Amino acid sequence: MNTRLTGLATVSSVFLRLALGISFLSAVADRFGLWGLYGQPNVAWGNYARYLAYTAKLTWFLPAATIPALAIIATAAEILFGLFLVLGWKTRTIALLSGVLLTTFALAMTMALGVKAPLDFSVFSAAAGALLLATSANSPFSLDELIRRNTQAESSARARSGANHHGST
């Protein structure tokens, strides 16, 4: 592959991984009021109660008793996926799960609010990006890359050790 394209692929995959991870964490920060109170610029929820009401609106087709658990599960998933994507740990698996979560979110938004809402908030685009990231063979500047390099170094050391050991007998 062309050197420029290789560099672009590296930068793009890192950018996508960080953008998805930080976006998940930002959404969670909003629902706990860390971006400010509801009504302030760029604050969607401002507190967990408003987020819970929004979750109920999107999942109108589910029993009301399931909404709190669903909101907790979604929040936990977004925290874990966000952290793991930022760190680059198990990137392909987490990206795939993120794509599924975002696609589910986009479809729920479409059913509850119409297709314009998930399009305006780029939820389908984020889902597509996550699914594309799941197909990326490499994860530069990540824990995955560090683990891969350490594993390769250990394998090489074992191979050299085994070759030296067999050569001395």
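Residues numbered from 1 in each chain as written. Predicted model: local features only at pLDDT ≥ 70, side-chain atom pairs only at ≥ 80, totals over all residues. Heavy atoms only, no water.

**Examining the nonpolar core**
For the record, the criterion: The term nonpolar core refers to a set of buried residues drawn from Ala, Val, Leu, Ile, Met, Phe, Trp, Tyr and Cys, joined through side-chain atoms within 4.5 Å. Per-residue accessibility, obtained with a 1.4 Å probe over protein chains only, is compared with the maximum for each type, and a residue is labelled buried under 20%, exposed over 50%, and partly exposed between these values. Strands are runs of DSSP state E lasting at least 2 residues, helices are runs of H or I lasting at least 4, and numbering of each runs from the N terminus. It only takes one pair of heavy atoms within 4.5 Å for two residues to be counted as in contact.
Ranked by size, the top nonpolar core spans 24 residues in total, and within it Leu20, Leu85, Leu102 and Met109 carry the most contacts. Within the residue set of this core, elements represented by two or more residues are α1 (3–31), α2 (48–58), α3 (67–87), α4 (91–113) and α6 (123–134). In terms of residue count, the dominant contributor to this core is α4 (6 residues). Setting aside residues no more than four positions away along its own chain, leucine 85 makes contact with Arg17, Leu20, Gly21, Phe24, Thr91, Ile94, Ala95, Ser98 and Leu133.

**Considering the packing of aromatic side chains**
Aromatic rings considered in pairs are described by the distance between their centres and by the relative angle of their planes. Our working rule: Two aromatic rings, drawn from Phe, Tyr or Trp (for Trp, its six-membered ring), form a pair once their centres lie within 6.5 Å of each other, and the interplanar angle then sorts them: stacked below 30 degrees, edge-to-face above 60, tilted otherwise. Criterion for a charge above a ring: Lys NZ or Arg CZ within 6 Å of the ring centre, and within 35 degrees of the ring normal.
The tally for this structure, following the rule as stated, stands at 7 aromatic pairs. Between tryptophan 60 and phenylalanine 61, the aromatic rings sit 5.3 Å apart at their centres with planes inclined by 90°, giving edge-to-face as the arrangement. Note on tryptophan 60: relative accessible area 52%, which makes it exposed. Take phenylalanine 61: its relative accessible area is 41%, and that puts it in the partly exposed class. Taken together through their ring pairs, the aromatic side chains of Phe32, Trp45, Tyr48, Tyr51 and Tyr54 make up a single cluster. The ring of tyrosine 51 has arginine 31 sitting right over it, with the charged end atom 3.8 Å from the ring centre. The aromatic ring of tyrosine 38 is capped on one face by arginine 50, whose charged end is 3.2 Å from the ring centroid.

**Thoughts on the side chain of aspartate 30**
Along the chain, the position of aspartate 30 falls in helix α1. What aspartate 30 contacts, discounting residues up to four positions off in sequence, is Trp35, Asn42, Val43, Ala44, Trp45, Gly46 and Asn47.

**So, the pattern of salt bridges**
The test is simple: The term salt bridge refers to a pairing of a side-chain nitrogen on Lys or Arg with a carboxyl oxygen on Asp or Glu at a separation within 4 Å.
Going through the model one piece at a time under the given rule, you end up with 4 salt bridges. Note that glutamate 78 and arginine 31 form a salt bridge whose closest N and O atoms lie 2.9 Å from each other. Here the residue glutamate 78 occupies a position in helix α3, and arginine 31 occupies one in helix α1, the gap between them amounting to 47 residues. The burial state of glutamate 78 is the same as that of arginine 31; both residues are buried. One salt-bridge network, held together by shared partners, links Glu145, Arg148 and Arg149.

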